[in-house]
Amino acid sequence: MAKAKRKYVCQQCGTVAARWQGQCEDCGEWNSIVEEAPETAFSARHDLHAGGRAITLIGLDSKIELPPRTSTGIAEFDRALGGGIVAGSATLIGGDPGIGKSTLLLQAAARVAARGLSVVYISGEEATDQVRLRAQRLGLGSAPVMLASATSVRDILTTLGEGEPPALLIIDSIQTMHSDLIEGAPGTVSQVRASSQELIRFAKQRNTALVLVGHVTKDGSIAGPRVLEHMVDTVLAFEGERSHQYRILRAIKNRFGGTDEIGVFAMVAEGLEEVSNPSALFLTHRDESVTGATVFPALEGTRPVLVEIQALVVRLSSGATPRRAVVGWDSGRLAMVLAVLESRCGLSFSTCEVYLNVAGGYRLSDPAADLAVAAALVSALSEKPVPADVVLFGEIALSSEIRPVAHAPLRLRESAKLGFNRAFIPAAAADGVKGIAVNGFRTLAQLVDQMLGRG
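Calculation rules
Each chain has its residues counted from 1, running along the sequence as written. The predicted origin of the model limits local features to residues at a pLDDT of at least 70 and limits the giving and counting of side-chain atom pairs to 80 or more, whereas totals for whole chains, interfaces and linings rest on all residues. Each side-chain value is worked out from all heavy atoms of the structure, with water and hydrogens disregarded. Strands here are runs of E lasting at least two residues and helices are runs of H or I lasting at least four, both read from the DSSP assignment and numbered beginning at the N terminus. Partly exposed describes any residue whose relative accessible area lies between the buried limit of under 20% and the exposed limit of over 50%, with all areas from a 1.4 Å probe on protein chains only and scaled to the type maximum. In what follows, residue pairs with any heavy atoms lying within 4.5 Å of each other are defined as contacts. Here the accessible surface of atoms and residues is derived via Shrake-Rupley with a 1.4 Å probe, and residues count as covered only by protein chains that are part of the display. Residues scored as positive are Lys and Arg, those scored as negative are Asp and Glu, and His as well as the terminal groups of each chain are ignored. A single reference atom marks each charge: NZ on Lys, CZ on Arg, CG on Asp, CD on Glu. UniProt positions are given in the numbering used here, feature names are shortened, and annotations may be inferred rather than shown by experiment. Note on aromatic contacts: the rings of Phe and Tyr and the six-membered ring of Trp form a pair at centre separations within 6.5 Å, being stacked when their planes are under 30 degrees apart, edge-to-face when over 60 apart, and tilted otherwise. Either the NZ atom of lysine or the CZ atom of arginine qualifies as a charge over a ring when it sits within 6 Å of the ring centre and within 35 degrees of the ring normal. Per the annotation, domain bounds derive from an automatic or database assignment of domains. We define a polar contact as two N or O atoms separated by no more than 3.5 Å, with the added condition that, inside protein, one atom must be a possible hydrogen donor and the other a possible acceptor, whereas residues neighbouring each other in sequence contribute only through side-chain atom pairs. Only strands joined by at least two bridges in the DSSP assignment are considered to pair. Every axis corresponds to a line fitted to the C-alpha atoms, with the helix fit spanning only the stretch in contact, and the corresponding angles, defined between N-to-C directions, vary from 0 to 180 degrees.

## Considering the overall build of the protein
Point 1. Regarding its fold elements, the protein presents twelve helices and 23 strands.
Point 2. For the protein, the spread of C-alpha atoms along the three principal axes comes to 85 × 55 × 50 Å.
Point 3. Put simply, the protein has 455 residues, and 47% of those count as buried.
Point 4. The long-range fraction of contacts in the protein, counting pairs at least 24 apart against all pairs at least 6 apart in sequence, stands at 66%.
Point 5. On the protein, roughly 23,100 Å² of surface is accessible, and the fraction owed to carbon and sulfur atoms is 51%.
Point 6. Separation of charge centres in the protein, based on 45 positive and 48 negative side chains, amounts to 2 Å.

## Considerations on the UniProt feature "domain: RecA family profile" (unreviewed entry) in the protein
Point 1. The feature "domain: RecA family profile" (unreviewed entry), as given by UniProt, occupies residues 66-216 in the numbering adopted here.
Point 2. Taken end to end, residues 66-216 is 38% helix and 20% strand, and its first and last C-alpha atoms sit 32 Å apart.

## Some words on the packing of aromatic side chains
Point 1. One pass over the full model with this rule turns up two aromatic pairs.
Point 2. The interplanar angle of 75° and the centroid separation of 5.4 Å between the aromatic rings of Phe-424 and Phe-441 together place this pair among those described as edge-to-face. On the criterion of sequence distance, the pair formed by Phe-424 in strand β22 (residues 422-426) and Phe-441 in strand β23 (residues 437-441) is long-range, its members being 17 residues apart. Like Phe-424, the residue Phe-441 is buried in the burial classification.
Point 3. Across from the ring centre of Phe-393, 5.7 Å away, lies the NZ or CZ of Arg-411, which sits over that ring.

## Here's the deal with the domain arrangement of the protein
Point 1. Domain boundaries assigned for the protein yield domain 1 (7-38), domain 2 (69-276) and domain 3 (281-452).
Point 2. Once you take the C-alpha centre of each, domain 1 and domain 3 turn out to be 46 Å apart.

## As for the side chain of Asp-233
Point 1. Within the element layout of this structure, Asp-233 appears in the loop between α7 (227-231) and β11 (234-239).
Point 2. At 2.9 Å, the side chain of Asp-233 and the side chain of Arg-255 are in polar contact.
Point 3. In this structure, Asp-233 is in contact with Gly-88, Ser-89, Ala-90, Lys-204, Lys-253, Asn-254, Arg-255 and Phe-256, ignoring residues within four places of it in sequence.

## Description of the sheet that holds strand β3 (residues 33-36)
Point 1. With antiparallel pairing, three strands are arranged side by side in an open sheet as β2-β1-β3. Each having just a single partner strand, β2 (16-17) and β3 make up the two edges of the open sheet.

## A word on the environment of Arg-413
Point 1. By the element assignment, Arg-413 lies in helix α11 (residues 408-417).
Point 2. You can call Arg-413 partly exposed: its relative accessible area is 47%.

## Details of the sheet that holds strand β8 (residues 146-149)
Point 1. Within the open sheet, the nine strands sit side by side as β8-β7-β9-β10-β6-β11-β12-β13-β14. Their pairing is mixed. Only two strands of the sheet have a single neighbouring strand rather than two, namely β8 and β14 (271-274). Ignoring strand direction, the axes of neighbouring strands in this sheet form an average angle of 25°.
Point 2. For strand β6 (residues 90-95) and strand β10 (residues 209-214), the ladder comprises five bridges, and the chain directions are parallel. The residue bridging Thr-91 from the neighbouring strand is Val-211, located in β10.
Point 3. Lying on the sheet, helix α4 (residues 128-137) is in contact with β7 (119-123) and β8; it crosses β8 at an angle near 140°.

This is the structure we're talking about:
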């Protein structure tokens, strides 16, 4: 009989190698390759072209109803999910340690159970008493949620198969689960993949909504094999800094809805609290104008969020090397805006240190923030404040042209709702909406001339 081939699998990316090596050739991680049990010769001895059962093929024009959704009782959570949880779906939620994943899921489980639905919460990291103590601190001690502390997938599925399947099953976390069909410690690629597959199969067969909690790596991505994200229906990322009050739940993948919605929460003594008006978290009191501060209406899905952009320009003595520091925005894009201001608008930042910050710890990736950043830099350099009732948005080209951005009316309506009276935007999108005056600019030089009073 032929000798079974050894297999070496990277625990970070799942790459299979023929021999052990110190560094994975695909992801570049060191000491991440581990030997796994050899595969059987079943596939080599059997032909899969016959012996199966015929499957039914249907056309794309077949009528189908949208899957019914069950509200979690937390509107911001439902928004990120696309309207609520779907029976038989699998959701993966990841985030930094201590960010509030378990707290959010415990609150959602309590509200779903309070409406008479069966909810099971399996903790592989904490004892049941620890979970109950957290529930009592959150005021959820009387919620009819069934708790268990277990790590064996066989034990969990055996227990759940004895009676009616739960409407919602929460596994915290998938990296602690263990399948006795696979060799290896919990958290390895093979164990995470096998445990997830069995739990997802149970959810699909018994019409149970499954939520898996996943650990994250140091760069913020979900730990374990990448195939785990392909196996589930929805992937949610819980973002935020523990030093800041706010938390953002963002959909990365959603087979039952869009990935352009976010849920915003604030961490308080009673747990996570919904934030219906996120702009209040990221705007400071603007009773008087301050140099270097502008307001930008960012867009997260269909929800505008007004954030404050702060800039500080410090002039240095001759010969000193200026520093560029940015928090919450792309440093490369800051360098581009500074280059356009110097080359096209006649401003000099070569002897100045530049500091840029997005207030509240918010992170921006929207190119529409270019105009607000440029105005903040000009205001800080000239020490002339931007009026407190003005919002700005627009993308800046290298030619100094201000280009239109998506959903301008939506951004303007939200700004007017929060009391802003004027908007500086691209000239091509200067139609405006009721309640806010619009000033359109074709180039960045035109905006700079108006701010500095140049004729």
